[in-house]
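Results of the structural survey
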Amino acid sequence: MIERIGAQDDPRLDAYRYVGDPQWLLTRGLFVAEGRLVVSRLLEAGRAAVVSVLVTPPALAALGERLDALAAPVYVCDQQILNRITGFNFHRGCLALARRPPSQPLTAFAEATRLLALEGVGNPDNVGGLLRAAAAFGVDGILFDPRSGDPLYRKAIRTSMGAALVMPWVRLMSWPADLEWFRARGFHIAALTPHPDATSVHALTVRPDARLIVLVGAEGEGLSDAVLALADDRVRIPIASAVDSLNVTVAASIMLALADRERHR
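Description of the structure in this document. Numbering of residues begins from 1 in every chain and follows the order in which that chain's sequence is written. The predicted origin of the model limits local features to residues at a pLDDT of at least 70 and limits the giving and counting of side-chain atom pairs to 80 or more, whereas totals for whole chains, interfaces and linings rest on all residues. The side-chain figures draw on all heavy atoms in the structure; neither hydrogens nor water molecules are used.

Next up on the list: the sheet that holds strand 2 (residues 30–34). Strands are treated as partners if at least two bridges between them are detected by DSSP. Segments assigned H or I by DSSP are reported as helices when at least four residues long, segments assigned E as strands when at least two residues long, and all are numbered from the N terminus. Reading across the sheet, the five strands line up as 1-4-3-5-2 and stay open at both edges, with mixed pairing between neighbours. Two strands in the sheet have a free side with no partner beyond their single neighbour: strand 1 (2–4) and strand 2. Neighbour to neighbour, the strand axes of the sheet diverge by 20° on average, direction disregarded. Two elements, strand 3 (residues 50–55) and strand 4 (residues 74–76), share three bridges in a ladder whose sense is parallel. When the sheet's bridge partners are listed, valine 55 is paired in strand 4 with valine 76. Simply put, an axis is a line fit to the C-alpha atoms, just over the touching stretch for a helix, and the angle between two N-to-C directions goes from 0 to 180 degrees.

Turning next to helix 5 (residues 79–86). Turning to helix 5, its buried residues number three or more, namely Ile81, Leu82, Ile85 and Thr86. Along the long axis of helix 5, the arc covered by the buried residues comes to 115°, so they all point the same way. Polar contacts here mean pairs of N or O atoms no more than 3.5 Å apart (in protein, one a potential hydrogen donor and the other a potential acceptor; neighbouring residues in sequence count only if both atoms are side-chain atoms). Capping the start of helix 5 is the job of one residue whose side-chain oxygen sits 3.2 Å from the backbone nitrogen of glutamine 80: aspartate 78. Where helix 5 ends, the next residue or the one after it, glycine 87, has phi of about 85°, a positive value. Exposure categories follow from relative accessible area, calculated using a 1.4 Å probe and restricted to protein chains: below 20% of the type maximum is buried, above 50% is exposed, and the middle band is partly exposed. Arc definition: it is the arc formed by the directions from the helix axis to the C-beta atoms.

Turning next to the sheet that holds strand 12 (residues 233–236). Strand order in the open sheet formed by seven strands is 8-7-6-11-9-12-10, with parallel pairing between adjacent strands. Edge strands, defined here as strands with exactly one partner in the open sheet, are strand 8 (169–171) and strand 10 (199–200). Pairing of strand 6 (residues 114–119) with strand 7 (residues 141–144) involves four bridges; the strand directions are parallel. Its bridge partner being in strand 7, leucine 115 is matched across the sheet by glycine 141.

Further remarks concern the pairing of strand 11 (residues 211–217). Most of strand 11 sits out of view: seven of its seven residues are buried. The side-chain alternation of strand 11 yields two buried faces, one formed by Arg211, Ile213, Leu215 and Gly217 and the other by Leu212, Val214 and Val216. Where strand 6 lies against strand 11, six bridges are found, and the strand directions are parallel. Directly across from arginine 114, in strand 11, lies its bridge partner leucine 212. As judged from the five bridges shared by strand 9 (residues 187–192) and strand 11, these two strands associate in the parallel manner. By the bridge assignment for strand 11, isoleucine 189 is matched with isoleucine 213.

Our next topic: the packing of aromatic side chains. Ring pairs are drawn from Phe, Tyr and Trp, using the six-membered ring of Trp, whenever the two centres fall within 6.5 Å, and their geometry is named by plane angle: stacked under 30 degrees, edge-to-face over 60, tilted for the rest. Per the stated rule, a full pass over the model turns up four aromatic pairs. Taken together, a centroid distance of 4.3 Å and an interplanar angle of 5° make the contact between tyrosine 18 and tryptophan 24 stacked. The partly exposed category is assigned to tyrosine 18, whose relative accessible area is 35%. By relative accessible area, tryptophan 24 is classed as buried at 16%. Aromatic side chains phenylalanine 144 and tryptophan 169 sit 5.8 Å apart centroid to centroid with 85° between the ring planes, which places their arrangement in the edge-to-face category. Of this pair, phenylalanine 144 sits in strand 7 while tryptophan 169 sits in strand 8, and the two are 25 residues apart along the sequence. Residue classification places phenylalanine 144 among the buried positions, given a relative accessible area of 0%. Feature note: the residues Trp181, Phe182 and Phe187 constitute an aromatic cluster, connected by ring pairs.

Here the focus is the side chain of aspartate 145. Among the secondary structure elements, aspartate 145 is positioned in the loop between strand 7 and helix 7 (154–159). By relative accessible area, which is 2% here, aspartate 145 ends up buried. There is a polar contact of 3.0 Å between the side chain of aspartate 145 and the backbone nitrogen of glycine 120. Contacts are assigned to residue pairs that have any heavy atoms within 4.5 Å of one another. Discounting residues that sit within four places of it in the chain, aspartate 145 has contacts with Leu118, Glu119, Gly120, Arg171, Leu172 and Trp175.

Shape descriptors only; they carry no functional weight alone.
See the structure below:
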């Protein structure tokens, strides 16, 4: 349903005035998809109900049939109006508002073999990067502790290149006790840490059929003692002594790539 918008005070655009306010969106059960690629993946995934889409004429032309078939309203306005409404210009003339899908229950991961768990990772760029890495290396889902960032924050979605819209995830509110649910189902927990006493990732053996959880923490703070105590293996990535640590997304990617290699031998 295509609707033309000619003025920035049009009430149909009221919700878009809050796309930069994550708390406003969260309390209303909404999230924002930003950019043509991410909006396309939102529509393709079909996991979240689209409330509406706001596009410029060039974006409308680029998305074509994807929007023609959409039951939700598609508002079309010029770039100047869109910028004034949203207050930023990162969206390439394309935004969508969608309903937040419910978090997955633990039982949704009963058949998983590879999971990535985050503790205290709040930076949305890192959250998005980890989601993208998880999708790239065949991870079945993401486990978030209560302090980690929102995977449906618009910047995390954008950085994930839309992986946040398709990757199953759950927030474990009883952290780290909920990890025991996975351990009871045969998961091996490998915690990434720069501690010199940890096992080198090059010496770690992961069976191709192993059920594995890779645990990562925030840069600087790292994983808590409670989480490290739960781990079956503490794993480090050897790096030059002049470097303190790797970015958490880089470190997780290395570990996931090595585990994925073993699975495909």
